[in-house]
Amino acid sequence: MEEFELNHFYFLCGFSGNDAFCPGGSIYSNIKDSSLFLSLGRHVDVYFPPRKRSRISAPFVVSGDKFEQKEQVSIDVLPDECLFEVLRRLPEGQEKSACACVSKRWLMLLSSIQRDEICSNKTNEFLKPKETLISRNTDESIEAKKKGGDEVTPEAVDLEIESDGYLSRCLEGKKATDVRLAAIAVGTGGHGGLGKLLIRGSNSSCRVTNLGLGAIARGCPSLRVLSLWNVSSIADEGLIEIANGCHQLEKLDLCGCPTISDKALVAIAKNCHNLTALTIESCPRIGNAGLQAVGQFCPNLKSISIKNCPLVGDQGVASLLSSASYALTKVKLHALNITDVSLAVIGHYGKAITDLDLAGLQNVGERGFWVMGSGHGLQKLKSLTVTSCQGVTDMGLEAVGKGCPNLKQFCLRKCAFLSDNGLVSLAKVAASLESLQLEECHHITQYGVFGALVSCGGKLKSLALVNCFGIKDSVEGLPLMTPCNSLSSLSIRNCPGFGNASLCMMGKLCPQLQRLDLSGALRITNAGFLPLLESCEASLIKVNLSGCMNLTDNVVSALAKVHGETLEQLNLDGCQKITDASMFAIAENCALLTDLDVSKTAITDYGIAALASAKQLNVQILSLSGCSLISNQSVPFLGKLGQTLLGLNLQQCNAISSSMVNLLVEQLWRCDILF
């Protein structure tokens, strides 16, 4: 056996011929001379020919008196410490992206390199190729070659927006993983840097941890916007690394992050002095200490939004608002355990606030709103929204109107204690008010609305009433009123008590209407709508009559004849008494109409043919959803309309076959068709 092995060795090493290692026979008398071998270890030596390169790719290993063939040595045998030293000497840009493609191990090592650990010497210039064939999007096409793990595919990054030279990335659901964040951290450096990162996870499936966020902190110092939604696996450590590595951060959005506490927010405040916008929602561990730090260390903060954070109280809100009084312009406080004290601070220190949104403040009473208005600090306030606040009463509302002389937009939702007197008082004292919206304010009646229109001082431009059940169809006892010529937009939606009498009075009080929305007005008939059209001195541009089941073709014909030259949008969804006669009137008179919705009406193929035959009609959006009388015969006419159509809704048009719909899809390739 030993003789066979020895002869076999002589056959390989002493081979004679053109392909021999060394022609002429054996080179050395002692084949085990240690000077002829490259040492790999204590008991293993590798044969290393000194002359001509062997065609045999695998090296030969001698252990004792035997030869064994061993797999080719790979760089992967290097420990992480050695490979780290190699990778940190790579030049920035595409070279690093290319190396990140090798394996998950290489990718994670590259993403773990701190900026002060990068070796930036002149020797790196020799590593830069003169010409590169690496794709510009290498960072997006990285594939992590690991067993049983995720692949970093081009779909890893859902959104890329070039903005001011920086990239934007969005990871959603299962795509939000540490591996993808590491790929982004390594790859975006060569393309201008990462400016915006949005992670939309779900607490049950999101696999982003502090490790992935740390990679972003080390590799993306240019990060300006960070948004974390429903990522329970990220704790303070990850956000602290962002604070230490991304000092240019301007906007931070934390929503549904139960493990992030004041500790992380304090670190952000101390290190990210350029912070201008902060949103905190459903973060149960963030409280007053974090807000105090933000107020103290972030002098450029312009927008703050806090919602459903039980640890936030008066101390945190008051400290923040008093410290950032000269920069803070937008404030949103929803479902917080604050009291009248916080509103008093807003009223005194809110000198720069232009937009204020308060909702679900159950511990704030009438006194809080009265003090906020009486503080005379909200001189620049232009938009105010109050929702589900029991403290909104007639007295408090009047004080707010007096204390905010520049208030232009006011929205009141679910204010149960507000009455007609408070609404009229607000209209009298709020001299700059242009837009008023009342939603689910059930103590407001039609008399309060009419009184507000008369008392607004001729500046109110828009009035919206939504789900106000206190409004009835009665005008008895109303004195002679002066018209409100400034009102151009009227919206009365889903107010079941609003009827013909109230609509006629609205027409007399608002003769300059251009936008009209009466959706869900079940009690409106031709007898109420036709007088409104006669009272309109201006030309209607947008009309929404969806759900007005009692209106007929006479209304549409009158509307088309009187306002057809200016009408651009018309919604007749659910008007079951509308037939082809309305389509003929529209086709003949409405040359500027671009958006038409006749869903769930009684129109037939003849109505579609009438629209298609119009010479000047320029409809771009057409909705025919639920029109059961439209059949395959309408398809040629729809094809003709397709010259201008950009959107077509054919859902629940059961008389149109799927084959004809497919034909229409092929024909109208530039039109978005729903079916």
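Reading the values: the criteria
Residues numbered from 1 in each chain as written. Predicted model: local features only at pLDDT ≥ 70, side-chain atom pairs only at ≥ 80, totals over all residues. Heavy atoms only, no water. Helix = DSSP H or I, 4+ residues; strand = E, 2+ residues; numbered from the N terminus. Buried < 20%, exposed > 50% of the residue type's maximum accessible area, 1.4 Å probe, protein only. Contact = heavy atoms within 4.5 Å. Areas by Shrake-Rupley, 256 points an atom, 1.4 Å probe, with all protein chains shown as cover. Axes fitted to C-alpha atoms, helices over the stretch in contact; angles between N-to-C directions. Parallel < 35°, antiparallel > 145°, perpendicular 65-115°, else oblique. Salt bridge = Lys/Arg side-chain N within 4 Å of Asp/Glu carboxyl O. pLDDT = per-residue confidence, 0-100. Core = buried A, V, L, I, M, F, W, Y, C linked by side-chain atoms within 4.5 Å. Polar contact = N/O pair within 3.5 Å; in protein donor to acceptor, adjacent residues only side chain to side chain. Pairing = 2+ DSSP bridges. Right-handed = clockwise from strand over helix to strand, strands pointing away. Left-handed = near helix turned anticlockwise from the far one by under 90°. Nonpolar A, V, L, I, M, F, W, Y, C, P; charged D, E, K, R; others polar.

J.: What's the story with the overall build of the protein chain in this structure? I'm lost.
T.: From N to C terminus, the protein chain includes 22 helices and 24 strands. Out of the 675 residues belonging to the protein chain, those deemed buried represent 50%. Taking the intrachain contacts of the protein chain between residues at least 6 apart in sequence as the baseline, contacts between residues at least 24 apart amount to 79%. As displayed, the protein chain offers around 31800 Å² of accessible surface, 52% of which is attributable to carbon and sulfur atoms.

J.: Honestly, unusual backbone geometry in this entry has me stumped. Any pointers?
T.: In most cases, non-glycine residues show a negative phi, while peptide bonds are predominantly trans. Even without a glycine there, the phi angle at His376 is positive, about 55°. In this structure, His376 sits in the loop between helix 12 (366-374) and strand 13 (383-387). Judged by relative accessible area, which is 52%, His376 ranks as exposed. One non-glycine residue, Glu440, lies in positive phi territory at about 55°. Relative to the assigned elements, Glu440 resides in the loop between strand 15 (435-439) and helix 15 (446-455).

J.: Explain helix 18 (residues 553-563) to me, please; I cannot follow it from the model alone.
T.: One turn of the α-helix equals 3.6 residues, which is why residues spaced by three or four share an orientation. Restricting attention to buried positions, one finds in helix 18 the residues Asp553, Val555, Val556, Ser557, Leu559, Ala560 and His563. Buried residues in helix 18 make contact with helix 17 (526-535), strand 19 (542-544), strand 20 (569-571) and helix 19 (580-589).

J.: I keep staring at the packing of helix 15 against helix 16 (residues 500-509) and nothing clicks. Help me out?
T.: For the pair helix 15 and helix 16, the least separation of the axes is 11 Å and the interaxial angle reads 0°. Our classification of the angle between helix 15 and helix 16 gives roughly parallel. Each of Val449, Phe450, Leu453 and Val454 in helix 15 lies in contact with helix 16, whose residues at this interface are Ser502, Met505, Met506 and Leu509.

J.: So what exactly am I meant to see when it comes to the pattern of salt bridges here?
T.: Where side chains of opposite charge bring their charged atoms close, a pairing between them can arise. Taken as a whole, this structure holds six salt bridges when the rule is applied. With a shortest N-O distance of 3.8 Å, Glu281 and Lys307 are connected by a salt bridge. Here Lys307 lies in strand 10 (residues 303-307) and Glu281 lies in strand 9 (residues 277-281), a separation of 26 residues in the sequence. Judged by relative accessible area, Glu281 falls into the partly exposed class, the value being 25%. On the basis of relative accessibility, which here comes to 34%, the residue Lys307 falls in the partly exposed class.

J.: Help me out: how do you make sense of the confidence of the model for the protein chain in this one?
T.: Detailed conclusions should not be drawn from predicted coordinates in areas where pLDDT is low. When pLDDT is averaged along the protein chain, the result is 83, and 78% of the positions lie at 70 or above. Ranking the helices and strands of the protein chain by mean pLDDT puts strand 12 (residues 355-359) first, with 98, and strand 1 (residues 37-39) last, with 37. Counting interchain partners and residues more than four positions distant, the pLDDT-below-50 stretch residues 1-60 has 62 contacts. Across residues 126-163, confidence stays below pLDDT 50; counting only partners more than four residues off in sequence or on other chains, it has 77 contacts.

J.: I tried to follow the nonpolar core on my own but got confused; where do I start?
T.: Core analysis: the largest hydrophobic core is formed by 173 residues, its most contacted members being Leu228, Ile242, Phe529 and Leu624. The element that contributes the greatest number of residues to this core is helix 8 (residues 262-271), accounting for six residues. Ignoring anything within four residues of it in the chain, the contact list for Ile242 reads Leu213, Ile216, Ala217, Leu223, Leu226, Leu249 and Ile268. The next biggest cluster of nonpolar side chains, apart from the first, holds five residues, and it includes Leu83, Cys99, Trp106 and Leu109.

J.: Explanation requested: the environment of Glu398 in the structure shown.
T.: Relative to the elements of secondary structure, Glu398 occurs in helix 13 (residues 394-403). Separated by 24 residues in sequence, Glu398 and Ser374 have C-alpha atoms that sit 9.9 Å apart. If we skip the residues at most four places from it in the chain, Glu398 touches Ser425 and Val429.

J.: What is the right way to look at the side chain of Ser623 in this model?
T.: In this fold, Ser623 is placed in strand 22 (residues 621-623). Overall, Ser623 belongs to the buried group, its relative accessible area being 11%. A distance of 2.7 Å separates a polar atom in the side chain of Ser623 from a polar atom in the side chain of Ser599. Apart from the residues within four sequence positions on either side, Ser623 is in contact with Leu596, Asp597, Val598, Ser599 and Asn649.

J.: What should I look at first to understand the pairing of strand 9 in this one?
T.: Successive residues of a regular strand alternate their side chains across the two faces of the sheet. As paired elements, strand 8 (residues 251-255) and strand 9 share five bridges and run parallel to each other. Note that in strand 9 the partner of Lys251 across the bridge is Ala277. Note that the unit made of strand 8, helix 8 and strand 9 has a crossover that is right-handed. Between the parallel pair strand 9 and strand 10, the chain is carried across by helix 9 (residues 288-297), and the sense of this crossover is right-handed.

J.: I'm lost on the packing of helix 12 against helix 13 in this one. Help?
T.: When two helices pack together, their arrangement is given by the angle between their axes and by how far apart the axes lie. At a closest axis distance of 7 Å, the pairing of helix 12 and helix 13 adopts a crossing angle of 15°. Put simply, helix 12 runs roughly parallel to helix 13. Crossing hand, helix 12 versus helix 13: left-handed. For the pair helix 12 and helix 13, the contacting residues are Glu366, Phe369, Trp370, Met372, Gly373 and Ser374 in the first and Met395, Gly396, Ala399, Val400 and Gly403 in the second. Of the residues contributing to the contact of helix 12 with helix 13, the split by class is six nonpolar, four polar and one charged.

J.: Help me out: how do you make sense of helix 13 in this one?
T.: Gly396, Leu397, Ala399, Val400, Gly401 and Gly403 are the residues of helix 13 that are buried. The inward-facing, buried residues of helix 13 contact helix 12, strand 13, strand 14 (409-413) and helix 14 (420-429).

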